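Now for the letters of each chain:
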There are 2 protein chains.
Amino acid sequence: MAEKVTIATVARHARVSRQTVSNVLNAPHIVREETRRRVQEAITALGYRANQAARQMRTGRSRLFAVRIEPTRDGINGSVLDRFLHGLTETADAAGYRVMLYTATGDDDEIATFDDLLGAYDLDGFVLTGTDHGDPRTAWLAQRGVPFVTFGRPWDDPESHPWVDVDGAAGTAQATQRLLDAGHRRIAFIGWPEGSGVGDDRRAGWRTTMAAAGLDGAAPCRATEDGIAQGEREMRELLATDDPPTAVVCVSDSLALGALRAVRDTAVPVAVTGFDDTPVAAAIGLTSVSQPLAAAAGRCVELLTGLLDGQPTDPHVLLSPTLVLRHTA
Amino acid sequence: MAEKVTIATVARHARVSRQTVSNVLNAPHIVREETRRRVQEAITALGYRANQAARQMRTGRSRLFAVRIEPTRDGINGSVLDRFLHGLTETADAAGYRVMLYTATGDDDEIATFDDLLGAYDLDGFVLTGTDHGDPRTAWLAQRGVPFVTFGRPWDDPESHPWVDVDGAAGTAQATQRLLDAGHRRIAFIGWPEGSGVGDDRRAGWRTTMAAAGLDGAAPCRATEDGIAQGEREMRELLATDDPPTAVVCVSDSLALGALRAVRDTAVPVAVTGFDDTPVAAAIGLTSVSQPLAAAAGRCVELLTGLLDGQPTDPHVLLSPTLVLRHTA
DNA sequence: TTGTAGGCGTTATCAT
DNA sequence: ATGATAACGCCTACAA
């Protein structure tokens, strides 16, 4: 444990004042070339690292972002957040920020945590995931002028705050088109109940694609809560109709997995596509729409740092997903 | 957005000195009952929160732990870390600590990050996951007296530092015993190559159980890298032998998934068990050994906080996994 | 371009 | 039991 290396140690070593060292760190352009080099050398030689606590106390900024980590619901969708989180940490790191985790049991609890975090750690910003209609969290943050970005559009008013999202409609449209190209005509959709922004968006992609092909009439649509069992049930009912579909686009891998089970029992092959390209999909060969999570995370960091530096960045980013073709479609 | 509430604000409000407020916070017992109550009231009334940066500068402690988030390798095993991380964040929270994330591309890079983090944020401790033989990271931390806990035993010397782990051998033993009870006699094992602590441990559980049943001769054992394709190949080779196994215990869900594919083509039903109870296992009905990840995370935090408070806690915790029975065995 | 003098909010030390 | 004072490491004035 070498004794602590402070800005003073560096100054002494480089035979300049502490202020000059600070300048080299925070405003390199105002320091003479040669002096700067000498200071830089001292910094690396001594292994100096700016103490964030001291810096934060003076500047009020912590170079820290906070992200909520969710309780891994059914575990299938959990991996999406997991991948996003990794991308976020990596990009933030590169931008000189670190990511702090927190948990919350609901919106109110999360808002209380905002308060806590802001008071105790002077957090620079938040990255929220999974926003929904009339989200109280974004309102709270916006009202206090706390910088934040959401991964997921604000469905009520797209202009209300910076966000990054993946174009779900484009994803399902792609999947639907692919089935169309393969000769399918009766293509069903199994989605979530109306009212969730994400679910409605994905359904719209399928619906418009079918309509564009003049196939509205051949497009049975079901809605259910997420889950494998639910997917299986809906698909069975679909198959039991007079004119059963030959393909189905599902709003999630969970539902697609269930549909796949129902389909396995039938003689006629039915094509199935899912959404999110989760590990499960990869493992069982399910064709699925893949979100560019690392890119999304990167853009979130970009937006947030831009906000903090007062740089004007386009605050709304919509990324395109890609269809990963496997055995099931 | 109200003006900042500091210890001075509270002191004024409660008509005491700043020091008394500090005492109420850090050494309540030395403050008179009535004074303490008055200060507490002021604290809640004003919504005061101790500023961590200032506290840290004075005490040198940050109430921050760091954990590495991995690049979600094949995604199947990634979910294990994900669940662990969530448990960690929750327990740390309850203990008044927060979790900071970092990434690293290798051991050396990770050590460099330790240095960074320690210098910049005065981190209180690290939680390492997935230790292996002769881990340079633990050596580095230990040498500098940095508090840390590993999730995973140090295989070379169990006494060298505090750890929490799950008894892998007990898990595979349980799985094997269950197959024995079901009447199986020829039970194979598909594992990882010798040399990984975790893999060898899990193999040992199977081997000793078979030996105890006097079935050493009926216990074909294969080793391969992790992966679905690898599992399928090994299982096919196993099935092609003169006296093929009627059941197989796999060291991971990935391998089990592959084995399952090989087995689906055969006429004779072959029982398969995996390890980690990943979402994939749940989705396809694979019997698997489940690790108590939330509990493990909790014990990690317990050990670490104990270390920091100088409390003597048993520094070695071995938890038992449970077998989750599903369709495949 | 470089040096000097506060002060950020907290806690430890020492008086009272 | 309580209060005054110094110090943690850094950055932002201002002076040289």
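Up top is the structure these notes are about.
Just so you know, these numbers come straight off a predicted model, no measurement behind them. Sequence order as written defines residue numbering, which begins from 1 separately in each chain. By the order in which they are written, chains take letters starting at A while ligands take numbers starting at 1. Only residues with pLDDT of 70 or above have their local features reported here, since the model is predicted, and side-chain atom pairs are shown and tallied only from 80 upward, although totals for entire chains, interfaces and linings are computed over all residues. Note that the side-chain values use all heavy atoms of the structure and ignore hydrogens as well as water.

Caption draft 1: Quick look at the relation of the copies chain A and chain B. Between chain A and chain B, the superposition needs a rotation of 180 degrees and an axial shift of 0.1 Å, giving an RMSD of 0.2 Å. The superposition operator between the copies reduces to a two-fold rotation axis. Contacts are assigned to residue pairs with any non-hydrogen atoms lying within 4.5 Å of each other. Of the residues that chain A buries at the interface, 98% are likewise interface residues in chain B, meaning the two copies contact each other through the same surface. The atoms used to superpose the copies are C-alpha atoms, taken from residues with pLDDT of at least 70 in both, and the fit is least squares.

Caption draft 2: Spotlight on the protein's contact with DNA strand D. Think of it this way: one heavy atom of a residue within 4 Å of a molecule or strand is enough to make that residue near it. Lining the immediate surroundings of DNA strand D are 25 residues, of which A:I7, A:Q19, A:R55, B:S17 and B:T35 lie closest. Looking at DNA strand D alone, sugar and phosphate atoms form 63% of those within 4 Å of the protein. In this structure, a base oxygen belonging to DNA strand D sits 2.8 Å away from a side-chain N or O atom of A:R58. No other element matches helix α4 (residues 52–59) of chain A, which puts five residues into the surface near DNA strand D. Along the lines of polarity and charge, the residues of the surface near DNA strand D split into nine nonpolar, ten polar and six charged. Under the rule applied, a polar contact is a pair of N or O atoms within 3.5 Å (in protein, one hydrogen donor and one hydrogen acceptor; residues adjacent in sequence only if both atoms are side-chain atoms). By definition, any uninterrupted DSSP run of H or I lasting at least four residues is a helix, any uninterrupted run of E lasting at least two residues is a strand, and each is numbered from the N terminus. Under the convention adopted here, Pro, Cys and the residues Ala, Val, Leu, Ile, Met, Phe, Trp and Tyr are nonpolar, Asp, Glu, Lys and Arg are charged, and Gly plus all remaining residues are polar.

Caption draft 3: Main features of the packing of helix α10 (residues 228–239) of chain A against helix α11 (residues 253–264) of chain A. Residue and element names in this part refer to chain A. Relative to each other, α10 and α11 sit at 45 degrees, their axes nearing to 6 Å. When the interaxial angle is binned, α10 and α11 end up oblique. Taken as a pair, α10 and α11 cross one another with a handedness that is right-handed. Judged by residue contacts, I228, Q230, G231, E232, M235, R236 and L239 of α10 engage S254, L255, L257, G258, A259, R261, A262 and V263 from α11. Lines fitted to the C-alpha atoms define the axes, with helices restricted to the stretch that makes contact. Angles between their N-to-C directions range from 0 to 180 degrees. Each angle is binned into one of four classes, with values under 35 degrees roughly parallel, values over 145 roughly antiparallel, values of 65 to 115 roughly perpendicular, and all other values oblique. Handedness of a crossing follows from how the near helix is turned relative to the far one, being left-handed for an anticlockwise turn of less than a right angle and right-handed for a clockwise one.

Caption draft 4: Spotlight on the interface of chain A and chain B. Tallying the contact residues gives 49 residues for chain A and 49 residues for chain B. Contact between chain A and chain B buries roughly 4,200 Å² in total, counting both sides, with carbon and sulfur atoms accounting for 60%. Note on terms: buried area is the combined drop in 1.4 Å-probe accessible area of two parts once they are placed together, counting the loss on both. Taken as a group, A:R49, A:H86 and A:R98 account for 15% of the area that chain A buries against chain B, more than any other trio of residues on that side. Every case where a carboxyl oxygen of Asp or Glu lies within 4 Å of a side-chain nitrogen of Lys or Arg is listed as a salt bridge. Scanning the region where chain A abuts chain B turns up four salt bridges. Taking the shortest distance from any N to any O, the salt bridge between A:D116 and B:R49 comes out at 2.8 Å. Among the secondary structure elements, those contributing two or more residues to the side of chain A that touches chain B are α4, α5 (78–94), β2 (98–102), α6 (107–121), α11 and α12 (279–284) of chain A. Looking at the side of chain A that touches chain B element by element, the count peaks at eight residues for α5(A). Taken together, the residues that form the side of chain A that touches chain B break down as 24 nonpolar, twelve polar and 13 charged. In this scheme, strands are said to pair when DSSP sees at least two bridges between them. As judged from the three bridges shared by β2(A) and strand β2 (residues 98–102) of chain B, these two strands associate in the antiparallel manner. Within β2(B), the residue paired with A:V99 across the bridge is B:L101.

Caption draft 5: Quick look at the nonpolar core. Of all hydrophobic cores here, the largest spans 54 residues; its most connected members are A:F84, A:V164, B:F84 and B:V164. Here A:F84 is in contact with A:V127, A:T129, A:F151, A:L293, A:A296, A:A297 and A:C300, once residues within four sequence places are set aside. Among the buried residues, those of types Ala, Val, Leu, Ile, Met, Phe, Trp, Tyr and Cys that are joined through side-chain atoms within 4.5 Å form a nonpolar core. Buried, partly exposed and exposed residues are distinguished by accessible area as a fraction of the type maximum, computed with a 1.4 Å probe on protein chains only: under 20%, between the cut-offs, and over 50%, respectively. Grouped together as the second largest cluster of nonpolar side chains are 34 residues, A:Y102, A:F126, A:L128 and B:Y121 included.

Caption draft 6: Geometry of the pairing of strand β10 (residues 287–290) of chain A. Residues and elements named next belong to chain A. A two-sided burial pattern is seen for β10, the buried positions comprising T287 and V289 on one face and S288 and S290 on the other. Relative to β10, strand β9 (residues 271–275) is paired through three bridges, and the arrangement is parallel. Its bridge partner lying in β10, F275 is registered against V289. When the strands point away from the viewer and the connection leading from the first strand across the helix to the second strand turns clockwise, the crossover is called right-handed. Regarding topology, α12 serves as the crossover connection from β9 to the parallel β10, and that connection is right-handed. Of the strand pairs in this sheet, β10 and strand β12 (residues 322–324) are connected by three bridges, and their pairing is antiparallel. Looking at β12, one finds that V289 is bridged to L323.

Purely geometric stuff here, so don't read any function into it on its own.
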